[in-house]
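Residue-level structural notes
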Amino acid sequence: MTDTLSKSLKSTEHELSWAGRGLKADKAEDVKDLCDEIDQCQELVALRLEGNTINEAAATDIGKAIEKHSEIQRLIWNDLFTTRLKTEVPPSLIKLTQGLITNGCHIVEINLSDNAFGPIGVEGLKTFLSSSACYTLEELRLNNCGMGIGGGKLLAEALIACHKNSGGKFALKQFVAGRNRLENEGAQALSKAFEIIGTLEVIRVPQNGIRPPGIEALANAFVQNQNLRIIDLNDNTITLAAGKLASAIENLPQLEILNLESSLIRTLGANALARAIGSHKNLQELYLGCNDMHTEGAMEIAHAVKNMSTLKVLDLNGNCFGPDGIDEIRAVLENTKFISQMVFSDDEGSDEEEEEEEGEEGDENYEDEEEDYEEEEEGDEDYEDEEGDEEDVESPSFFFGQNSNQQPARNNFQFGSNKTTPAQPESVSDLSSMIANFNVCSPFSFGTQSKIETNANKWTSFANLEKVKEYLKNDDQSTQRAVELLEEMWNDNSVSQNDTSSIATNTLTALTFTPDSERNFNERLLVTLGFVKDEQTGRQRRTSNQRDRIFRTLVDINKSLPKSTKNLLSVFLQNTPNDKNQSLSPEMKQQLLSVLKG
């Protein structure tokens, strides 16, 4: 997804490409050949520099070379500052673009994706973006740039200034800014810009930590852009804003692609969306996977699209239908042309028809977002522990000191009665009596001395980063091994807190995160912490008496955690009542929230 959003797919006859050459330009001489080629172009419409890295000195000479080409239109400069400090990027951007501000060019496309320049990178770009060179800008790609809230606000100001300076002629068509940590404030600022511009056809802002207030602001902006063909809000948090978003979508007749995957629209949101898309005549692709949606919501969607001749793709995978629900959905869609392409391999199974978000309909007041969000989650089994409803934990093979009809205790380590046994010569019968005084209720508490020594040796070896790398390997199972290692360590009381934090840091350092592996890591970690259900144990949430120990570790290693992990943990911590945070003190919760947000 990230790769697709970052790429400029168009090519032109008059394009000079130095893409993917791995050039590391630290001085003007390093880009002499490139500048010579630019000079030799009789007509230069597009310049591709992706997959290289330049500093200010190199950027200065490139800027002087392209200044001579007033016909240039497309600046495809994604992945151009790898290994550079953030402070190096703004002056480099200024040097690259300052000649274009005055040479009379009419820029159509700017692609600066995969340049982790943060807010200060936008600072180096804003003068150019608001200049006459960009009055004709149609496509702006800033995917995976780490802009943050501050960068989002600066970008919004530049776009509004461009529209004003152009006398309203600025007609941006495509805006792509996924994986930028825009959050609510950044999304709200950009929404104001989108409302003013009013000509957008594509808005893609996936994986930005945008929650209901930001989604609402975007929905308002969508309505002001009647030519919208593509909306991508994948992997944000829609929840209570689903109704407002659906109302906006209903009024976008040109919509072709709608991606709301992994955005928690849930069943009520799906119902609202089904009503919204029923009259659409151009919808081609609809992505609603991994949305905690139940069969009722999916059936509404299915009935809404079953006669939609334009629809080519419908993704409902990763929801909560179960085999019967999947059969019902397939039956409704059996005559559609896309049914053969639908998969349900990641379906999470159906709960006892969850009374999801009952009483929330019509609640769209976000003055107190935290309060509303907790209300929404009150009936949601993915965020709260089921009280008094859990299936019995499966009994291990060995229970000493119990009659066969006795129920095993549920705590992880429980050793029999408190009776004292007088010292006597050991005999078979006496040994049996001693064993009878132990009640071992976990398969992991039945260890021998050799096993204890083996574990101790293992944890000692994992204090070495190379040993951790060797253990995790570098394959598609590394993420799973890492979380299992952390979980095993957290459950071993023989490991000190300092050693635990050290090993956890090594584990994160040893992992090479991709977007997919980062998502897998987050999902598995949330299961381990008991925030979401565990399919391997009958979809019940795990319980743990080690929460305080685990979260102390997370406080210690917070700088090593991926940003998306921090965002998710913040959301779940803020919206899980204190009495559901098993054995987690309020002080520890507040400390963890503080470091995650800091």
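All figures in this text were calculated on a predicted structure; none of them were measured in a lab. Residue numbering note: each chain is counted from 1, following its sequence as written. This being a predicted model, a pLDDT of at least 70 is required before a residue's local features are given, and a value of 80 or more before pairs of side-chain atoms are given or counted; all residues contribute to the totals for chains, interfaces and linings. Excluded from the side-chain calculation are hydrogens and water; included are all heavy atoms of the structure.

**Structural notes on the overall build of the protein**
- Across its full length, the protein carries 23 helices and 15 strands.
- When a residue's accessible area, from a 1.4 Å probe over protein chains only, is under 20% of the maximum for its type it is buried; when over 50% it is exposed; and in between it is partly exposed. Sorting the 598 residues of the protein into buried and exposed places 51% on the buried side.
- Here the Shrake-Rupley method, with its probe set to 1.4 Å, supplies the accessible areas, and only the displayed protein chains count as covering residues. Here the protein has roughly 27,700 Å² of accessible surface; of this, 46% comes from carbon and sulfur atoms. Under the scheme used here, helices are H or I runs from DSSP no shorter than 4 residues and strands are E runs no shorter than 2 residues, and both carry numbers assigned from the N terminus.

**Description of the confidence of the model for the protein**
- Taken over all residues, the pLDDT of the protein has a mean of 81, while the share at 70 or more is 76%.
- In this model, residues 352-452 is a region of pLDDT below 50 whose contacts with residues beyond four sequence positions or in other chains number 144 contacts. Per residue, pLDDT captures the predictor's confidence, and it can take any value from 0 to 100. Two residues qualify as a contact provided that any one of their heavy atoms is within 4.5 Å of a heavy atom in the partner residue.

**Brief notes about the nonpolar core**
- For the purposes of this section, nonpolar cores are sets of buried Ala, Val, Leu, Ile, Met, Phe, Trp, Tyr and Cys residues that join through side-chain atoms within 4.5 Å. Core analysis: the biggest nonpolar cluster contains 110 residues, and F175 and L286 have the highest contact counts within it.
- Not counting chain neighbours up to four residues away, the residues in contact with F175 comprise L140, L155, L159, L190, F194, L200, V202, I203, R204 and V205.
- Of all hydrophobic cores here, the second largest spans 34 residues; its members include A482, V483, W490 and L573.

**Some thoughts on the packing of helix α2 (residues 32-40) against helix α3 (residues 56-67)**
- Geometry is summarised by axes, namely lines fitted to C-alpha atoms with helices restricted to the contacting stretch, and by angles between N-to-C directions that run from 0 to 180 degrees. The contact between α2 and α3 brings their axes to 9 Å, and the two run at 5°. With respect to their mutual orientation, α2 and α3 come out roughly parallel. Contacts between α2 and α3 involve L34, C35, I38 and D39 from the first element and D61, I62, A65 and I66 from the second.
- Three categories are distinguished: nonpolar for Ala, Val, Leu, Ile, Met, Phe, Trp, Tyr, Cys and Pro, charged for Asp, Glu, Lys and Arg, and polar for the others, with Gly belonging to the last. Residues belonging to the contact of α2 with α3 are distributed by class as follows: six nonpolar, no polar and two charged. Orientation is classified from the angle alone, with under 35 degrees giving roughly parallel, over 145 giving roughly antiparallel, 65 to 115 giving roughly perpendicular, and any other angle giving oblique.

**Looking at helix α18 (residues 478-490)**
- Expected span, for any helix, means 1.5 Å times one less than how many residues it has. Over its 13 residues, α18 extends 18 Å from the first C-alpha to the last, a length consistent with the 18 Å expected when each residue adds 1.5 Å.
- Every buried residue belonging to α18 is among S478, T479, R481, A482, V483, L485, L486, M489 and W490, and all of these are buried.

**Concerning the packing of aromatic side chains**
- Each Phe, Tyr or Trp ring, with Trp reduced to its six-membered ring, pairs with another whose centre is within 6.5 Å; inter-plane angles below 30 degrees give stacked pairs, above 60 give edge-to-face pairs, and intermediate values give tilted ones. As enumerated under the stated definition, the model contains five aromatic pairs in all.
- A ring pair is formed by F175 and F194, whose centres lie 5.0 Å apart and whose planes are at 65°; its orientation type is edge-to-face. Pair noted here: F175 is in strand β8 (residues 174-176) and F194 is in helix α8 (residues 183-197), with a separation of 19 residues, a long-range link.
- The buried category is assigned to F175, whose relative accessible area is 0%.
- On the basis of relative accessibility, which here comes to 0%, the residue F194 falls in the buried class.
- Residues F513 and F521 carry aromatic rings whose centres are separated by 5.4 Å and whose planes lie at 70° to one another, so their mutual orientation is edge-to-face.
- Note on geometry: a ring has a charge over it if NZ (lysine) or CZ (arginine) is within 6 Å of the ring centre and within 35 degrees of the ring normal. Across from the ring centre of W18, 4.0 Å away, lies the NZ or CZ of R21, which sits over that ring.

**Some thoughts on the sheet that holds strand β7 (residues 139-141)**
- DSSP bridges decide pairing: two strands pair if at least two such bridges lie between them. On the basis of which strands lie adjacent, the open sheet formed by 11 strands has the order β1-β3-β5-β6-β7-β8-β9-β10-β11-β12-β13 and parallel pairing. Because the sheet does not close on itself, it has two edges, and the strands there are β1 (15-17) and β13 (313-315). Strand-to-strand, the axes of this sheet are offset by a mean angle of 5°, without reference to chain direction.
- Relative to strand β12 (residues 285-287), strand β11 (residues 257-259) runs parallel, the two sharing three bridges.

**Comments concerning unusual backbone geometry**
- Of note, the phi angle at E183 is positive, near 55°, even though the residue is not glycine.
- Checked against the element boundaries, E183 lands in helix α8.
- When its relative accessible area of 25% is taken as the criterion, E183 is described as partly exposed.
- A positive phi angle is found at D235, which is not glycine, with a value near 60°.
- Locating D235 in the fold gives a position in the loop between β10 (230-232) and α10 (242-250).
- Judged by relative accessible area, which is 27%, D235 ranks as partly exposed.

**Looking at the pattern of salt bridges**
- Note on definitions: salt bridges are taken to be side-chain nitrogens of Lys or Arg within 4 Å of carboxyl oxygens of Asp or Glu. Tallied over the full model, the rule gives 16 salt bridges.
- Taking the shortest distance from any N to any O, the salt bridge between R84 and D26 comes out at 2.8 Å. Of the two residues, R84 is situated in the loop between β5 (74-76) and α4 (89-102) and D26 in the loop between β2 (24-25) and α2; the sequence distance between them amounts to 58 residues.
- By relative accessible area, which is 38% here, D26 ends up partly exposed.
- Among the ionic contacts, a cluster of salt bridges with common partners joins E15, R48 and E50.

**Notes on the state of the cysteines**
- Cysteine sulfur pairs qualify as disulfides if the two atoms are within 2.5 Å. In total, this model carries zero disulfides according to the counting rule given.
- Left without a disulfide partner, C290 is nearest to the cysteine sulfur of C320, which lies 9.5 Å away.

**As for the side chain of N225**
- Note on placement: N225 falls in the loop between α9 (212-223) and β10.
- What makes N225 buried here is its relative accessible area of 0%.
- In contact with N225, other than residues within four places in its own chain, are F194, E195, G198, T199, L200 and L252.

**What to know about the environment of Q284**
- Locating Q284 in the fold gives a position in the loop between α11 (266-277) and β12.
- As for Q284 and S309, which are separated by 25 residues in sequence, their C-alpha atoms are 8.7 Å apart.
- Apart from residues lying up to four places away in sequence, Q284 is in contact with E256, T310, L311, K312 and V313.

**Some details on the packing of helix α19 (residues 497-510) against helix α21 (residues 547-556)**
- The geometry of α19 relative to α21 is characterised by a closest axis approach of 9 Å and an angle of 55° between their N-to-C directions. The angle between α19 and α21 falls in the class oblique. Crossing angle aside, the handedness with which α19 passes α21 is right-handed. Contacts from Q497, T500, S501 and A504 in α19 reach R549, R552, T553 and D556 in α21.
- Of the residues assigned to the contact of α19 with α21, the class counts are one nonpolar, four polar and three charged. In this scheme the handedness of a crossing depends on how the near helix is turned from the far one: anticlockwise by less than a right angle means left-handed, clockwise means right-handed.

**A short note on the environment of Q174**
- Among the structural elements, Q174 can be located in strand β8.
- Residues Q174 and L137 lie 37 residues apart in sequence; the distance between their C-alpha atoms is 9.2 Å.
- When neighbours within four sequence positions are excluded, Q174 is seen to be in contact with E138, E139, L140, R141, L200 and V202.

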